[in-house]
Amino acid sequence: MRQNIGAKTAVYPMPVFIIGTYDENGVANAMNAAWGGISEDKEISICVSEGHKTTKNILANGCFTVSIATADYVKECDYVGLVSGNKVPNKLEKCGFHTVKSDRINAPIILELPMAVECELISYDAESCRLVGKIVDINVDDSILTDGKVDPKKLRPITYDSFNHHYIALGQIVGNAFSDGKTIE
(Lines give C-alpha, C1' and ligand atoms only; values in the text may rest on other atoms or scores of the structure.)
Protein backbone atom coordinates (compact mmCIF):
# COMPACT_ATOMS: atom_id res chain seq x y z
CA MET A 1 0.00 0.00 0.00
CA ARG A 2 1.16 3.57 -0.73
CA GLN A 3 0.19 6.89 0.84
CA ASN A 4 0.18 10.52 -0.20
CA ILE A 5 1.92 12.53 2.51
CA GLY A 6 1.72 16.00 1.00
CA ALA A 7 4.09 18.33 -0.80
CA LYS A 8 7.31 18.65 1.18
CA THR A 9 10.87 19.85 0.68
CA ALA A 10 12.27 16.35 0.47
CA VAL A 11 14.34 14.33 -1.94
CA TYR A 12 16.96 11.70 -1.24
CA PRO A 13 19.81 12.28 -1.04
CA MET A 14 19.76 15.99 -0.26
CA PRO A 15 23.37 17.18 -0.19
CA VAL A 16 24.58 19.35 2.67
CA PHE A 17 26.52 22.27 1.23
CA ILE A 18 28.59 24.73 3.23
CA ILE A 19 28.75 27.97 1.27
CA GLY A 20 31.86 30.06 1.93
CA THR A 21 32.19 33.78 1.26
CA TYR A 22 34.14 36.87 2.31
CA ASP A 23 32.43 40.00 3.56
CA GLU A 24 33.40 43.56 2.65
CA ASN A 25 36.22 43.47 5.22
CA GLY A 26 37.64 40.15 4.03
CA VAL A 27 36.21 38.18 6.96
CA ALA A 28 35.33 34.59 6.04
CA ASN A 29 31.74 33.47 6.55
CA ALA A 30 29.92 30.21 5.83
CA MET A 31 26.41 28.83 5.98
CA ASN A 32 24.77 25.42 5.69
CA ALA A 33 22.44 25.00 2.71
CA ALA A 34 20.73 21.74 1.82
CA TRP A 35 18.54 22.73 -1.11
CA GLY A 36 20.80 22.53 -4.13
CA GLY A 37 22.60 20.53 -6.75
CA ILE A 38 24.10 20.48 -10.22
CA SER A 39 21.76 22.27 -12.62
CA GLU A 40 23.79 22.39 -15.86
CA ASP A 41 27.20 21.27 -17.02
CA LYS A 42 29.64 23.12 -14.74
CA GLU A 43 26.80 24.91 -12.96
CA ILE A 44 25.45 24.62 -9.43
CA SER A 45 22.13 25.97 -8.13
CA ILE A 46 21.27 26.49 -4.48
CA CYS A 47 18.23 27.95 -2.74
CA VAL A 48 19.47 30.74 -0.45
CA SER A 49 17.25 33.50 0.85
CA GLU A 50 18.12 37.14 0.42
CA GLY A 51 18.56 38.00 4.12
CA HIS A 52 21.57 35.74 4.69
CA LYS A 53 24.97 37.35 5.19
CA THR A 54 26.23 34.78 2.69
CA THR A 55 23.85 36.03 -0.01
CA LYS A 56 24.90 39.64 0.57
CA ASN A 57 28.57 38.61 0.36
CA ILE A 58 28.04 36.68 -2.88
CA LEU A 59 26.23 39.59 -4.50
CA ALA A 60 29.02 41.97 -3.44
CA ASN A 61 31.96 39.70 -4.45
CA GLY A 62 30.50 37.69 -7.31
CA CYS A 63 31.92 34.38 -6.11
CA PHE A 64 31.67 31.68 -3.43
CA THR A 65 32.82 28.19 -2.49
CA VAL A 66 30.60 25.19 -1.86
CA SER A 67 32.22 22.70 0.50
CA ILE A 68 30.76 19.25 0.90
CA ALA A 69 29.73 18.65 4.51
CA THR A 70 31.23 15.49 5.99
CA ALA A 71 30.45 13.02 8.75
CA ASP A 72 33.61 14.08 10.58
CA TYR A 73 32.30 17.63 11.00
CA VAL A 74 28.54 17.23 11.45
CA LYS A 75 28.39 19.40 14.56
CA GLU A 76 30.35 22.25 12.97
CA CYS A 77 28.42 22.05 9.69
CA ASP A 78 25.14 22.19 11.58
CA TYR A 79 26.38 25.14 13.65
CA VAL A 80 27.14 27.34 10.63
CA GLY A 81 23.52 26.79 9.57
CA LEU A 82 22.06 27.54 12.99
CA VAL A 83 23.96 30.77 13.63
CA SER A 84 23.63 33.82 11.37
CA GLY A 85 26.71 35.62 10.11
CA ASN A 86 24.64 38.80 10.50
CA LYS A 87 24.71 38.26 14.28
CA VAL A 88 27.88 36.19 14.87
CA PRO A 89 30.61 37.44 12.50
CA ASN A 90 33.24 35.00 13.85
CA LYS A 91 31.13 31.85 13.64
CA LEU A 92 33.80 29.95 11.67
CA GLU A 93 36.33 30.65 14.40
CA LYS A 94 33.82 29.67 17.10
CA CYS A 95 33.24 26.24 15.56
CA GLY A 96 36.95 25.64 14.93
CA PHE A 97 36.98 25.93 11.13
CA HIS A 98 40.07 27.38 9.46
CA THR A 99 40.14 28.92 5.99
CA VAL A 100 42.54 29.85 3.21
CA LYS A 101 41.78 32.02 0.22
CA SER A 102 41.08 30.17 -3.01
CA ASP A 103 43.75 30.52 -5.69
CA ARG A 104 41.04 30.93 -8.33
CA ILE A 105 38.35 33.18 -6.81
CA ASN A 106 37.91 35.64 -3.94
CA ALA A 107 36.29 33.18 -1.54
CA PRO A 108 37.46 31.03 1.39
CA ILE A 109 38.17 27.33 1.38
CA ILE A 110 37.41 25.60 4.70
CA LEU A 111 40.42 23.40 5.42
CA GLU A 112 38.55 20.88 7.56
CA LEU A 113 36.13 20.08 4.73
CA PRO A 114 38.22 18.24 2.12
CA MET A 115 36.22 19.13 -1.02
CA ALA A 116 35.29 22.63 -2.17
CA VAL A 117 33.62 23.64 -5.42
CA GLU A 118 34.88 27.10 -6.43
CA CYS A 119 32.19 29.18 -8.13
CA GLU A 120 31.61 32.49 -9.85
CA LEU A 121 28.15 34.02 -9.60
CA ILE A 122 26.02 33.59 -12.72
CA SER A 123 22.74 34.86 -11.29
CA TYR A 124 20.62 35.33 -8.21
CA ASP A 125 16.84 35.65 -8.19
CA ALA A 126 15.60 37.11 -4.90
CA GLU A 127 12.01 36.07 -5.60
CA SER A 128 12.80 32.36 -6.01
CA CYS A 129 15.96 32.49 -3.83
CA ARG A 130 17.80 30.67 -6.63
CA LEU A 131 21.55 31.20 -6.64
CA VAL A 132 23.38 29.92 -9.72
CA GLY A 133 27.15 29.61 -9.87
CA LYS A 134 29.60 28.65 -12.60
CA ILE A 135 31.95 25.92 -11.39
CA VAL A 136 35.46 27.30 -11.97
CA ASP A 137 37.40 24.53 -10.22
CA ILE A 138 37.15 21.86 -7.54
CA ASN A 139 39.68 21.94 -4.73
CA VAL A 140 40.28 18.63 -2.92
CA ASP A 141 42.56 17.44 -0.17
CA ASP A 142 44.82 14.54 -1.13
CA SER A 143 43.43 12.57 1.83
CA ILE A 144 40.17 11.86 -0.05
CA LEU A 145 41.74 10.70 -3.31
CA THR A 146 42.18 7.14 -4.54
CA ASP A 147 43.98 6.80 -7.87
CA GLY A 148 43.53 10.54 -8.46
CA LYS A 149 39.74 10.47 -8.02
CA VAL A 150 37.54 11.57 -5.14
CA ASP A 151 36.76 8.52 -3.03
CA PRO A 152 33.33 8.87 -1.34
CA LYS A 153 34.37 6.41 1.37
CA LYS A 154 37.20 8.76 2.33
CA LEU A 155 35.19 11.96 1.85
CA ARG A 156 32.25 10.67 3.93
CA PRO A 157 29.68 13.19 2.65
CA ILE A 158 26.44 13.62 4.51
CA THR A 159 22.90 14.09 3.29
CA TYR A 160 20.07 15.89 5.04
CA ASP A 161 16.96 13.85 5.88
CA SER A 162 14.26 16.53 5.91
CA PHE A 163 11.54 14.13 7.09
CA ASN A 164 13.33 13.21 10.30
CA HIS A 165 15.81 16.10 10.63
CA HIS A 166 18.86 13.84 10.60
CA TYR A 167 22.18 13.91 8.81
CA ILE A 168 23.07 10.59 7.19
CA ALA A 169 26.53 9.56 6.04
CA LEU A 170 26.87 8.30 2.48
CA GLY A 171 29.48 5.95 1.12
CA GLN A 172 28.33 2.40 0.44
CA ILE A 173 28.69 1.35 -3.20
CA VAL A 174 25.59 -0.55 -4.35
CA GLY A 175 26.09 -0.57 -8.11
CA ASN A 176 27.94 0.76 -11.15
CA ALA A 177 26.53 3.71 -13.11
CA PHE A 178 26.22 3.41 -16.89
CA SER A 179 26.92 -0.32 -16.58
CA ASP A 180 24.60 -2.37 -14.34
CA GLY A 181 21.50 -1.51 -16.38
CA LYS A 182 23.07 -3.05 -19.46
CA THR A 183 22.35 -6.51 -18.00
CA ILE A 184 18.60 -6.02 -18.52
CA GLU A 185 17.43 -7.33 -21.88
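Our subject is the structure listed above.
Everything numeric here is computed off the predicted structure, so don't read it as measured data.

Q: Help me understand helix 2 (residues 74–82) in this model?
A: Quick reminder: α-helices carry 3.6 residues per turn. Residues three or four places apart thus point the same way. Within the sequence span of helix 2, burial applies to Glu76, Cys77 and Val80. End-on view of helix 2: buried residues confined to an arc of 100 degrees, all on one side of the axis. Exposed and oriented more than 90 degrees from the buried face of helix 2 are Lys75 and Leu82.

Q: What should I look at first to understand the packing of aromatic side chains in this one?
A: The description of two aromatic rings rests on the distance between their centres and on the angle between their planes. According to the stated counting rule, one finds three aromatic pairs in the structure shown. Arranged with centres 6.0 Å apart and planes meeting at 25 degrees, the rings of Tyr12 and Phe163 form a pair that is stacked. Taken as a pair, Tyr12 in the segment before strand 1 (17–22) and Phe163 in the loop between strand 12 (158–161) and strand 13 (166–169) lie far apart in primary sequence, 151 residues in all. Pairing Tyr160 with Tyr167 gives two aromatic rings, centres 6.1 Å apart and planes at 55 degrees, and the pair type is tilted.

Q: It is not clear to me how the environment of Ile110 should be interpreted in this structure. Could you clarify?
A: Position of Ile110 relative to the elements: it lies in strand 7 (residues 108–110). For the pair Ile110 and Phe64, spaced 46 residues apart in the sequence, the C-alpha separation amounts to 12 Å. When neighbours within four sequence positions are excluded, Ile110 is seen to be in contact with Ile18, Ala30, Ser67, Leu92, Phe97, His98 and Thr99.

Q: Explain the nonpolar core here, please?
A: Of all hydrophobic cores here, the largest spans 20 residues; its most connected members are Ile19, Ile44, Ile46, Phe64, Val66 and Cys119. If you list the elements that add at least two residues to this core, you get strand 1, strand 2 (28–33), strand 4 (43–47), strand 5 (63–68), strand 8 (115–125) and strand 9 (130–140). In terms of residue count, the dominant contributor to this core is strand 8 (four residues). Counting 17 residues, the second largest nonpolar core, distinct from the first, contains Val16, Ile110, Leu113 and Tyr160.

Q: Just to check I follow, could you spell out the side chain of Asn29 for this structure?
A: Within the secondary structure, Asn29 sits in strand 2. A polar side-chain atom of Asn29 sits 3.0 Å from a polar atom in the side chain of Thr54. Not counting chain neighbours up to four residues away, the residues in contact with Asn29 comprise Ile19, Gly20, Thr21, Lys53, Thr54, Asn57, Gly85, Lys91, Leu92 and Pro108.

Q: Is there a simple way to think about the pairing of strand 9 in this case?
A: The side chains of a regular strand alternate, first on one face of the sheet and then on the other. Sheet topology places strand 4 next to strand 9; five bridges connect them, and they run antiparallel. The residue of strand 9 that forms the bridge with Glu43 is Lys134. Relative to strand 9, strand 8 runs antiparallel, the two sharing 10 bridges. Counterpart to Glu120 in the pairing with strand 9 is Lys134. As consecutive antiparallel partners, strand 8 and strand 9 are separated by four residues, and within that stretch Cys129 has a phi angle of approximately 65 degrees, a positive value.

Q: Would you mind going over the sheet that holds strand 9 with me for this structure?
A: Two strands in a sheet stick together by hydrogen bonds in their backbones, pointing the same way (parallel) or opposite ways (antiparallel). Taken in spatial order, the seven strands of this open sheet run 2-1-5-8-9-4-3, and their pairing is antiparallel. What marks the edges here is a single partner per strand, and that holds for strand 2 and strand 3 (36–40). Each strand axis lies, on average, 35 degrees off the axis of its neighbour in the sheet, ignoring direction. Each of strand 1, strand 2, strand 5, strand 8 and strand 9 touches helix 1 (residues 53–61); the most contacted strand, strand 1, lies at about 55 degrees to it. On top of the sheet, helix 2 reaches strand 1 and strand 2; it is set at about 100 degrees to strand 2, its chief contact.

Q: Explain the side chain of Asn32 to me, please; I cannot follow it from the model alone.
A: With respect to the element layout, Asn32 can be found in strand 2. A distance of 3.0 Å separates the side chain of Asn32 from the backbone oxygen of Cys77, its partner in a polar contact. Here the side chain of Asn32 touches Tyr167 through a polar contact of 3.4 Å, side chain to side chain. In this structure, Asn32 is in contact with Val16, Phe17, Ile18, Cys77, Asp78, Val80, Gly81 and Tyr167, ignoring residues within four places of it in sequence.

Calculation notes
- Residues numbered from 1 in each chain as written.
- Predicted model: local features only at pLDDT ≥ 70, side-chain atom pairs only at ≥ 80, totals over all residues.
- Heavy atoms only, no water.
- Buried < 20%, exposed > 50% of the residue type's maximum accessible area, 1.4 Å probe, protein only.
- Helix = DSSP H or I, 4+ residues; strand = E, 2+ residues; numbered from the N terminus.
- Arc of directions from axis to C-beta.
- Phe/Tyr/Trp six-rings, centres within 6.5 Å; stacked < 30°, edge-to-face > 60°.
- Contact = heavy atoms within 4.5 Å.
- Core = buried A, V, L, I, M, F, W, Y, C linked by side-chain atoms within 4.5 Å.
- Polar contact = N/O pair within 3.5 Å; in protein donor to acceptor, adjacent residues only side chain to side chain.
- Pairing = 2+ DSSP bridges.
- Axes fitted to C-alpha atoms, helices over the stretch in contact; angles between N-to-C directions.

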